Amino acid sequence: MHAGLRITAFAAALAATFGTAYGVGQGVGPVTEDEPPVRHDAHTGDNESASSGHSGHESPPAGGLQISENGYTLDLRTPRLAAGRTADLRFAIRGEDGRAVTAFRREHDKELHLIVASRDLNTYRHLHPTRAADGTWSIPVSLPRAGDYRVFADFTPEKKGAENLTLGADLAVSGTYAPQNLPAPNTTATTEGYEVKLGGALRPGAARELKLTVSRNGRPVTDLQPYLGAYGHLVALRSGDLAYLHVHPGGEPGDGSTEPGPDISFTATAPSSGTYRLFLDFKHEGKVHTAAFTVRAGTAATGEEASEEAPHESSGEHGH
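Here the structure is a predicted model, which is why all the values come from computation and not from measurement. (Residues numbered from 1 in each chain as written. Predicted model: local features only at pLDDT ≥ 70, side-chain atom pairs only at ≥ 80, totals over all residues. Heavy atoms only, no water.)

### Considerations on the overall build of the chain
Reasoning step 1: Scanning the chain for helices and strands turns up one helix and 23 strands.
Reasoning step 2: Split into buried and exposed, the 320 residues of the chain put 57% on the buried side.
Reasoning step 3: Approximately 12,200 Å² of the chain is accessible, and the part contributed by carbon and sulfur atoms is 44%. (Helix = DSSP H or I, 4+ residues; strand = E, 2+ residues; numbered from the N terminus. Buried < 20%, exposed > 50% of the residue type's maximum accessible area, 1.4 Å probe, protein only. Areas by Shrake-Rupley, 256 points an atom, 1.4 Å probe, with all protein chains shown as cover.)

### Quick word on the nonpolar core
Reasoning step 1: Core analysis: the largest hydrophobic core is formed by 27 residues, its most contacted members being V196, L202, L278, L280, F282 and F293.
Reasoning step 2: Contributions of two or more residues to this core are made by β15 (194-199), β16 (208-216), β18 (233-238), β21 (263-269), β22 (274-284) and β23 (287-297).
Reasoning step 3: Non-local contacts of F282, meaning those with residues more than four positions away in its chain, are made with T191, Y194, V196, V214, L224, Y231, I264, K287, V288 and H289.
Reasoning step 4: Counting 26 residues, the second largest nonpolar core, distinct from the first, contains F91, I93, I139 and Y149. (Core = buried A, V, L, I, M, F, W, Y, C linked by side-chain atoms within 4.5 Å. Contact = heavy atoms within 4.5 Å.)

### Remarks on the side chain of T123
Reasoning step 1: As for its position among the elements, T123 is in strand β9 (residues 123-128).
Reasoning step 2: Side-chain polar atoms of T123 contact the side chain of R145, separated by 3.5 Å. (Polar contact = N/O pair within 3.5 Å; in protein donor to acceptor, adjacent residues only side chain to side chain.)

### Concerning the sheet that holds β23
Reasoning step 1: Strand order in the open sheet made by the four strands is β19-β18-β22-β23, with antiparallel pairing throughout. Of all the strands in the sheet, the pair left with one neighbour each is β19 (244-245) and β23.
Reasoning step 2: The pairing of β18 with β19 spans two bridges and is classified as antiparallel. Bridge pairing in β19 places A236 opposite L245. (Pairing = 2+ DSSP bridges.)

### With respect to the environment of A297
Reasoning step 1: Take A297: it is sitting in strand β23.
Reasoning step 2: Separated by 93 residues in the primary sequence, A297 and P204 have C-alpha atoms spaced 6.2 Å apart.
Reasoning step 3: In this view, A297 contacts L202, P204, A270, S272, S273, G274 and Y276; residues no more than four positions away in its chain are not counted.

### Some words on the side chain of N164
Reasoning step 1: Within the secondary structure, N164 is located in the loop between β12 (147-155) and β13 (165-174).
Reasoning step 2: One polar contact links N164 to E107, side chain to side chain, over a distance of 3.1 Å.
Reasoning step 3: Within the structure, N164 has its side chain in polar contact with the side chain of T156 (distance 3.1 Å).

### Observations regarding the environment of L89
Reasoning step 1: Here L89 lies in strand β7 (residues 87-94).
Reasoning step 2: We classify L89 as buried; its relative accessible area is 0%.
Reasoning step 3: Separated by 52 residues in the primary sequence, L89 and V141 have C-alpha atoms spaced 6.5 Å apart.
Reasoning step 4: L89 has contacts with L76, T78, L81, L114, V116, W137, S138, I139, V141 and L171, leaving out every residue within four places of it along the chain.

### Here's the deal with the pairing of strand β8 (residues 112-118)
Moving residue by residue along a regular strand, the side chains alternate between the two faces of the sheet.
Reasoning step 1: Taken across its seven residues, β8 has seven buried, putting it largely inside the fold.
Reasoning step 2: Side chains L112, L114, V116 and S118 of β8 all project onto a buried face; the interleaved residues H113, I115 and A117 project onto the opposite face, where all are buried too.
Reasoning step 3: Where β8 lies against β9, four bridges are found, and the strand directions are antiparallel. Paired with I115 across the strands is H126, a residue of β9.
Reasoning step 4: A loop of four residues connects β8 with β9, the two strands running antiparallel in sequence, and L121 in this loop sits at a positive phi of about 60°.

### Digging into the sheet that holds β7
Reasoning step 1: The strand order β4-β5-β7-β11-β10 describes an open sheet built from five strands, whose pairing is antiparallel. Of all strands in the sheet, those bounded by a partner on one side alone are β4 (68-69) and β10 (130-131).
Reasoning step 2: Pairing between β4 and strand β5 (residues 72-76): two bridges, direction antiparallel. By the bridge assignment for β5, E69 is matched with Y72.

### Some words on unusual backbone geometry
Reasoning step 1: The omega torsion of the bond from G261 to P262 falls at 0°, within 30 degrees of zero and hence cis.
Reasoning step 2: Within the element layout of this structure, P262 appears in the loop between β20 (248-249) and β21.
Reasoning step 3: One non-glycine residue, N70, adopts positive backbone phi at about 50°.
Reasoning step 4: On the accessibility criterion, N70 (48% relative accessible area) is partly exposed.
Reasoning step 5: The residue N217 is not glycine, and still its phi comes out positive at about 55°.
Reasoning step 6: Looking at the element boundaries, N217 is found in the loop between β16 and β17 (219-220).
Reasoning step 7: By relative accessible area, which is 70% here, N217 ends up exposed.

See below:
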């Protein structure tokens, strides 16, 4: 994975760019909307036509819509969970020979990034599971609401010529189902005492800069800490089919020009018109926080059409 926003829908070639926890074996920032709207890096893959951006003349392919691609298959061994209960989510990545893959290239500090999102995009988890010697990945997870979810595995096999892939599989969560509306468009998100403002617009088939500005108590945060190889990790998911988009960060820690806040920049290209949810993970004072936005591509600019969201809290703890 490369730093930035990557909606796994853009997984296998988000040539365009949608630039994204516990440490190994633990999840990052869960985001749950308890009330109607108030919540990567996308990652870049070697198969992307340009790691720094898209040509802007054609829409990048969406990722995460297939369970199998390029000879690799996501074998979700835990297809069902119960709402509100912690249980191990287990899966494996299988090659063409049916065997579990055990060698992966590290990208954004991890061999594999796992994203779990509800179909209504109100609940989001960015997780980093642990891999056993036999190729089985697992991580404890608790999802707050019953309903349909999508699991995305973002990885690059350690094989010559292998491309970055984002595979997706459906996950059912049992319990009393209460439909939730998609959060309304917003340009400001609050999370655990932080305020994040979104600037820029998402355009179908055209690379555009998205700038997120982090503040706390009305003051800009200028000492963000590196997280997954960048000062922010952005994941974008398209409403409707949950296409996973890749977002690329503008610069990285230690490059001599990228400041540790308050601004975090990404280059992103939407594969089509529509509504998207953006999830930004950033680290400050040793803790990862997640801010979420709803934006529309193919209509008015993000800032012109968005309405501010009500404050929300990220459920669960963030660890590293």
